[in-house]
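Structural overview
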Amino acid sequence: MALKTLLVLPIREGDNFKISPDIGLLYLGTALRSEGFDVTLLDCPKEKFSFKDFKDFVQEGNYDVVGFRCYSRDHNYVNHHISIVRKVSPSTLTLTGGPHPSALPEFVLSSMPDLDFAWKAEAEEGLPDLLSYFTDHGRDIPEDLLERVPGLVWRKQSTGLPVVNQPSFGKDLDSYGIPAWDLVDPESYPGAIWDEYYPILTTRGCPYPCTYCNTPGLSGKKLRHRSVEHVIEELRLLKNCYGVRRFSIIDDEFTLNKHYATRFSEALVQADLGLKWDCPVGVRLDSLNPELLQVMEAAGCENLAVG
């Protein structure tokens, strides 16, 4: 029987965050489903969950694995979520990944006593392997197998000290598939600047060494691209299945390769999907030129942030 896996966006307090689909969890949903795992996604802020609501949800779902997306502001919330899982279901495997554990993997594992594993950088390749080992061995996964899982952060049995495996950054982004948009109800999310928000990744990675940014640590220093055809396929799915009218490219370096950005824009014109789009995360000003901006505008780009 397939492991029941719950992927969670944790409870947050305050107003300085945006409720939106998490593209990272949607990609993990696709990666796990492709290996036969049963996946559920829970967006606690969107559902306005309290910790009691979360406890009831986990108790009712009887999940084998619960994993959390974690930014630095989420540390204490995720820790509390994990303690709830441990009390409700002691045998459940607990995981966390995202920007915070990618930047501070040893600290996260050491400061969350009920956490089984953390993840450094991308997990599409390693997470299905870990869950397969968990299926075969339960919680007593041999250390020689743990050492094989790229990006995994785990405790050495003899010392209890964290071990951080070297992350892997897959070269073929198309092999990760299209994000599992059906795990959420995209139409139920509020818009940001516009009346709807559908985040799209066309590239991963960044070659620049900016000291204030951990993008190279999250997705590698080498810029990797999805094929233009693969991105158009996702956009066609979003329009046909969910009536999407606009999308947002959330790459860190969408226009760094001008040839790719141009080909994408030209393909979008040819696809005749009638979509508007923007680049809210930002593009480097020195990566732009008049010709690229003109073809992006012709393809429906209405707005971009620059740095």
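About the criteria used
- Residues numbered from 1 in each chain as written.
- Predicted model: local features only at pLDDT ≥ 70, side-chain atom pairs only at ≥ 80, totals over all residues.
- Heavy atoms only, no water.
- Buried < 20%, exposed > 50% of the residue type's maximum accessible area, 1.4 Å probe, protein only.
- Helix = DSSP H or I, 4+ residues; strand = E, 2+ residues; numbered from the N terminus.
- Pairing = 2+ DSSP bridges.
- Right-handed = clockwise from strand over helix to strand, strands pointing away.
- Salt bridge = Lys/Arg side-chain N within 4 Å of Asp/Glu carboxyl O.
- Expected span 1.5 Å × (residues − 1).
- Disulfide = S-S within 2.5 Å.

**Description of the pairing of strand 3 (residues 65–69)**
Most of strand 3 sits out of view: five of its five residues are buried. In strand 3, alternate side chains face the same way, and those of V65, G67 and R69 on one face and V66 and F68 on the other are all buried. As judged from the four bridges shared by strand 1 (residues 4–9) and strand 3, these two strands associate in the parallel manner. Looking at strand 3, one finds that L6 is bridged to V66. Two strands pair when backbone bridges link them, and strand 3 and strand 4 (residues 93–97) are joined in this way by five bridges, in the parallel orientation. Among the inter-strand pairings, R69 is bridged to a residue of strand 4, identified as G97. Following the backbone out of strand 3, through helix 4 (residues 75–88) and into the adjacent parallel strand 4, one traces a crossover that is right-handed.

**With respect to the pattern of salt bridges**
Applying the stated criterion to the full structure yields 17 salt bridges. A salt bridge links D22 to R69, with the nearest nitrogen and oxygen atoms 3.1 Å apart. Residue D22 is found in the loop between strand 1 and helix 1 (23–33), and its partner R69 is found in strand 3; the two are separated by 47 residues along the sequence. The pair D22 / R69 is uniform in exposure class, with both members buried.

**A word on helix 7 (residues 126–137)**
Helix length check: helix 7, at 12 residues, gives a terminal C-alpha distance of 16 Å against a target of 16 Å (1.5 Å per residue), a fit within 8%. Of the positions making up helix 7, those classed as buried are G126, L127, P128, L130, L131, Y133 and F134. Once helix 7 finishes, G138 follows within two positions and takes phi at roughly 65 degrees, a positive value.

**Notes on the state of the cysteines**
Should the sulfur atoms of two cysteines be covalently bonded, the bond is a disulfide. All told, the structure shown has zero disulfides when counted by the stated rule. Unpaired in terms of disulfides, C44 finds its nearest cysteine sulfur in C70, a separation of 13 Å. Cysteine C206 shares no disulfide, and the gap to the nearest cysteine sulfur, in C210, comes to 6.2 Å.

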